[in-house]
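Analysis of the macromolecular model
Chain residues, written in single-letter form:
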Amino acid sequence: MTDTSLRKIIHIDMDCFYAAIEVRDNPVLRGKPIAVGGSPDARGVVATCSYEARQFGVHSAMPMKTAMRLCPNLIRVAPRRAVYQAVSAQIHSIFSAYTDLIEPLSLDEAYLDVTAASQHQGSATLIASEIRQRIWQELQLTASAGIAPNKFLAKVASDWHKPNGQFVIRPTMISKFMLTLSVKKIPGVGQMTSERLAELGVRTCADLQTWSEEKLCAEFGRFGTRLYDLARGIDHRPVSVDNTYKSISVEDTFATDLPDLVSCYAELPALFQALKQRLAKAQETQRLVPKSLVVKIRFHDFVLTTAQTTTSLVEQHLFLPLIKQAWERRQVPVRLLGVGVHFAEPWRPEQLSLDL
Amino acid sequence: MKLTQTREALLEDLQATLGAIEKRNTSPILENVLLKIAKQTSYWRGTDLELEIASTSPLLDSTDGEITLPARKLADICKALPAESLIAIDVQEQRAIVSCGRSRFELATLPASDFPDLDDIGETHELVLPEAELKTLLESTAFAMANQDVRYYLNGMLLELTSDYIRTVSTDGHRLSLYTYTQLDKPIDKETQVIIPRKGVLELSRLLRADSQVPVQVQLSQNHLRVQLGKLRFTTKLVDGRYPDYKAAVPAKGQIQVDVDRKAFKDMLTRVAILSNEKFRGVRLSLRDNILVVQSNNPEQESAQDELDILYQGEEFNIGFNVNYLLDAVNHLQHDTLRLQLNAPESSALVTDPLNEAIRNVIMPIRL
């Protein structure tokens, strides 16, 4: 096993990325509650919002309509994805001055493994400050950083002094730090899991540490092992530079709900066309073997359902039965329809086990 | 208390006991070595509470007493002093003065009364076998032990005693190795199975000499294994658990049997391994008419292929393996020729020595 105890991982998280770019490019917006996202009339959702908007309870993934209601003075800005991508590429090039081990999580977040970096005598803390300083100087944007011996702790740390701050969790601090950390900070512990944990009297990682791995697995299945490790600040996942696609999908939220199955069918050709285009683009750089097709439907009451089938063919008519299957579960108007392809793992050999 | 001893004798004692002492321990006294002096004899002991190694040596000059000293620092000091020199250790109030010629070191100490003893090992039964044979028993299979597996009983080695043989078995769930020793002087009176923890196996085999036929006493009790090795005494707790029924996992033989030159096979695997997937380490073995082809490729679409002449007639047979498992097995066989026994692409394979039935390596394939 490779020694993972001495790694230096930085998690960089841009502060209100899209909103910050909009404010930078249009200073009139400074100090005002703004939200980047689709129009409320067209069922848009908030992609990012400024801190001023957050004070009103606006948050990302919230329907724009709700956001406007919470914050009547909210200024909505239409997203400019191409600009965000370009800025993200610039940030990435700053990272690459320090390490090749960069794992982007999205346009505005990435893990960096700087264990082997030579700058600042290898001090990850100083490297993180310099990266944030360069992002500010070159792009007039602020970022927060977490520095820790693994990805989990680095991510927790980047949130600690957000915005425009950084926090270090040294190896010697881990055991003490974990004691007071709320289980809600653990990635993968969402509302459901945290409620279940609260019922069991578990609120902090210290509470969680009193549980054996077996007990956690009995309660949470395979996630139990991960919880057991994370409660102790253990996370061996490497910073993975693997950028192979696992799936590609396109979806559309409609300005008016699709009332019935036939109107869902009618939207398929446009969606399929877009899917084909993205697939062709991805295939230029990678060999992707389709494994299954997926249809996603969000009904007007926000209930989400998916249907999928295993096939290596990507053909329009194959989505029809999936749409039918998904729609028939509720048979109410549809707000969002999506189609996608999942890919087979690129040749992954399987080590067989002895029958012991 | 004080002692005078040659550098070499001191180092021998210290290096033996260091095997039991962890570099960093939550309890500082476990980073120390216990030193007792009585009747012109030094008694050194190190432990991690699971494993204990003690060493006894006659001294040139001494005053009785007992203390614990920082083990690694003391060993490093002795190593750094000139060869063949005389080293004095003089303990005065809580400090130990180590001096040699014009060099002088002052070390912190901890009281001997705080140093932990292993539990009483209780009643034992005993077997005796030549030192080199014990080492072979351990080293022939130790490589296949699991490391930090949740099935804790696999993080160790099975030692099986029957009236006819002594056997060691190690497995990590993907491959298994066993070695059987039958040259018993007298039948073993008490059939038993114990699991020696991983660290104990590695440290004991480090202490044993491959060229020594000196009879070694192995004592087994309910919870401990103890080996008396001349001036050294090695003790380890045993793993409290039940070892899986390994016999069911060892095929009697293979329908396909191929003998290859061990060195040529090893070299070929080493070459092809370079371009195998870094994570899965998969290589494909293809048996064709009188030829063995080994291939690998990786996510970067690079590939390697190598061939070896063999005696084989029949349909093409393909099977995949983790190349590291093959190399481990190949490296722990002795003779020039090794035998590969295969049954089906998804069944276990045997890697054996046609001249030595004692060793059996079982390897599960990779599904390609």
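Not measured: the values here are computed from a predicted model.

The rules behind each value
Residues numbered from 1 in each chain as written. Chains lettered and ligands numbered in written order. Predicted model: local features only at pLDDT ≥ 70, side-chain atom pairs only at ≥ 80, totals over all residues. Heavy atoms only, no water. Helix = DSSP H or I, 4+ residues; strand = E, 2+ residues; numbered from the N terminus. Buried < 20%, exposed > 50% of the residue type's maximum accessible area, 1.4 Å probe, protein only. Contact = heavy atoms within 4.5 Å. Buried area = accessible area lost by both parts, 1.4 Å probe. Salt bridge = Lys/Arg side-chain N within 4 Å of Asp/Glu carboxyl O. Polar contact = N/O pair within 3.5 Å; in protein donor to acceptor, adjacent residues only side chain to side chain. Axes fitted to C-alpha atoms, helices over the stretch in contact; angles between N-to-C directions. Parallel < 35°, antiparallel > 145°, perpendicular 65-115°, else oblique. Left-handed = near helix turned anticlockwise from the far one by under 90°. Nonpolar A, V, L, I, M, F, W, Y, C, P; charged D, E, K, R; others polar. Core = buried A, V, L, I, M, F, W, Y, C linked by side-chain atoms within 4.5 Å. Phe/Tyr/Trp six-rings, centres within 6.5 Å; stacked < 30°, edge-to-face > 60°. Lys NZ or Arg CZ within 6 Å of the ring centre and 35° of its normal. Disulfide = S-S within 2.5 Å. Pairing = 2+ DSSP bridges.

**Concerning the overall build of chain A**
Broken down by element type, chain A carries 13 helices and 13 strands. Counting across all 356 residues of chain A, residues that qualify as buried make up 42%. In chain A, the proportion of contacts linking residues at least 24 apart, taken out of those at least 6 apart, comes to 63%.

**Some details on the interface of chain B and chain A**
You'll often see interface size given as the accessible area lost when the parts meet. At the interface, 23 residues of chain B touch 12 residues of chain A. Both sides of the chain B and chain A interface together cover about 1,600 Å² of buried area, and 64% of this is carbon and sulfur. Per-residue buried area on chain B facing chain A is highest for F280, M364 and R367 of chain B; these three make up 31% of the total on that side. Taken together, the connections running from chain B to chain A amount to 1 salt bridge. The shortest N-O distance in the salt bridge between E350 of chain A and R367 of chain B comes to 2.6 Å. When residues of the side of chain B that touches chain A are traced back to their parent elements, those giving at least two are β13 (175–181) and β26 (366–367) of chain B.

**Here we look at the side chain of H11 of chain A**
All names here are of chain A. On the secondary structure map, H11 appears in strand β1 (residues 9–14). In this structure the side chain of H11 is engaged in a polar contact, spanning 2.9 Å, whose partner is the side chain of E109. Residue contacts for H11: discarding those within four places in its chain leaves L105, E109, A110, Y111, S144, A145, G146, A154, K155 and S158.

**Quick notes on the packing of helix α4 (residues 81–95) of chain A against helix α5 (residues 124–139) of chain A**
All names here are of chain A. Axis separation between α4 and α5 bottoms out at 10 Å; the angle between their running directions is 140°. Between α4 and α5, the interaxial angle falls into the category oblique. Classified by chirality, the crossing of α5 by α4 is right-handed. Across the interface between the two elements, V87, Q90, I91, I94 and F95 of α4 pack against I131, R134, I135, E138 and L139 of α5. For the contact of α4 with α5, the per-class residue count stands at 7 nonpolar, 1 polar and 2 charged.

**Observations concerning the pattern of salt bridges**
All names here are of chain A. Under the defined criterion, the tally for this structure stands at 41 salt bridges over all chains. Here E109 makes a salt bridge to K155, at a shortest N to O gap of 2.8 Å. Residue E109 is found in strand β6 (residues 109–113), and its partner K155 is found in helix α6 (residues 151–158); the two are separated by 46 residues along the sequence. Exposure remark for E109: the relative accessible area of 16% places this residue in the buried category. Linking E199 and R196 is a salt bridge whose minimum nitrogen-to-oxygen distance equals 2.8 Å. Here E199 and its partner R196 are both found in helix α8 (residues 191–199), 3 residues apart, which amounts to about one turn of the helix. Shared partners join several salt bridges into a network, and the residues in it are E22, R24, D25 and R80.

**Let's talk about the nonpolar core**
One finds I166, L225, V227, F265, L285, L287 and L292 of chain B to be the most contacted residues of the largest nonpolar core, which totals 68 residues. The biggest single contributor to this core is helix α6 (residues 323–331) of chain B, with 6 residues. When neighbours within four sequence positions are excluded, V227 of chain B is seen to be in contact with L134, L204, V216, Q217, V218, L232, R233 and F234 of chain B. One finds V77, Y84, I94 and F95 of chain A within the second-largest nonpolar core, a separate group that totals 35 residues.

**Observations concerning the packing of aromatic side chains**
All names here are of chain A. According to the stated counting rule, one finds 8 aromatic pairs over all chains in the structure shown. Three or more aromatic residues link up through ring pairs in this structure, and these residues are F17, Y18 and Y84. Cation over ring: R54 sits above Y51, and NZ or CZ is 4.8 Å from the ring centre. Lying over the aromatic face of W211, K215 brings its terminal NZ or CZ to 4.4 Å of the ring centre.

**Observations concerning the state of the cysteines**
Summed over the entire model, instances satisfying the criterion amount to 0 disulfides over all chains. Free cysteine: C100 of chain B, not disulfide-bonded; nearest cysteine sulfur from C78 of chain B at 8.6 Å.

**Overview of the sheet that holds β1 of chain A**
Residues and elements named next belong to chain A. The 5 strands lie next to each other as β5-β6-β1-β7-β8, forming an open sheet whose pairing is mixed. Strand pairing shows two members of the sheet lacking a second neighbour, β5 (102–106) and β8 (166–168), which therefore form its edges. Strand after strand, the sheet turns through a mean of 15° between neighbouring axes, direction not considered. Two strands pair when backbone bridges link them, and β1 and strand β7 (residues 143–148) are joined in this way by 6 bridges, in the antiparallel orientation. Of the residues in β7, the one forming a bridge with H11 is G146. Those strands touched by α4 are β1, β5 and β6, and its axis lies near 155° from that of β5.

**Section: the side chain of D48 of chain B**
Residues and elements named next belong to chain B. Along the chain, D48 turns up in the loop between β3 (41–47) and β4 (51–58). Only 2.8 Å separates the side chain of D48 from the backbone nitrogen of E50, close enough to count as a polar contact. A distance of 2.7 Å separates a polar atom in the side chain of D48 from a polar atom in the side chain of K199. For D48, the contacting residues outside a window of four places in its chain are A20, E22 and K199.

**Comments concerning the sheet that holds strand β10 (residues 290–299) of chain A**
Residues and elements named next belong to chain A. The antiparallel open sheet is built from 4 strands, whose spatial order is β9-β12-β10-β11. The open sheet has two edge strands, β9 (247–258) and β11 (304–310), and neither has a second partner. Sheet twist, expressed as the mean angle between neighbouring strand axes with direction ignored, is 15°. Relative to strand β12 (residues 334–343), β10 runs antiparallel, the two being bridged by 9 bridges. Following the sheet pairing, P290 is matched in β12 by F343. Against the sheet, helix α12 (residues 261–285) engages β9 and β12, with an angle of about 150° to β9. Packing against the sheet, helix α13 (residues 319–327) makes contact with β10, β11 and β12, and its axis sits at approximately 40° to β10.

**Quick look at the pairing of strand β16 (residues 224–229) of chain B**
All names here are of chain B. Of all 6 residues that make up β16, 5 are buried, and the element is covered over most of its length. Joining the antiparallel neighbours strand β15 (residues 215–221) and β16 is a turn of 2 residues. As paired elements, β16 and strand β17 (residues 232–237) share 6 bridges and run antiparallel to each other. Within β17, the residue paired with L225 across the bridge is T236.

**Considerations on unusual backbone geometry**
The phi torsion of most residues other than glycine is negative, and most of the peptide bonds are trans. Residues and elements named next belong to chain A. Of the consecutive residues K162 and P163, the connecting peptide bond is found in the cis state with omega at -5°. On the secondary structure map, P163 appears in the loop between α6 and β8. Unlike most non-glycine residues, C16 shows phi in positive territory, near 40°. Within the secondary structure, C16 sits in the loop between β1 and α1 (17–25).

**A short note on the pairing of strand β11 (residues 156–161) of chain B**
Residues and elements named next belong to chain B. In terms of burial, β11 is a largely internal element, 6 of the 6 residues being buried. Bridge count for β11 against strand β14 (residues 192–197) is 6 bridges, and the pairing is antiparallel. Residue L158 lies in a different strand from β14, and its bridge partner there is I195. By the bridge criterion, 4 bridges tie β11 to strand β12 (residues 166–171) in an arrangement that is antiparallel. Within β12, the residue paired with L161 across the bridge is I166. As consecutive antiparallel partners, β11 and β12 are separated by 4 residues.

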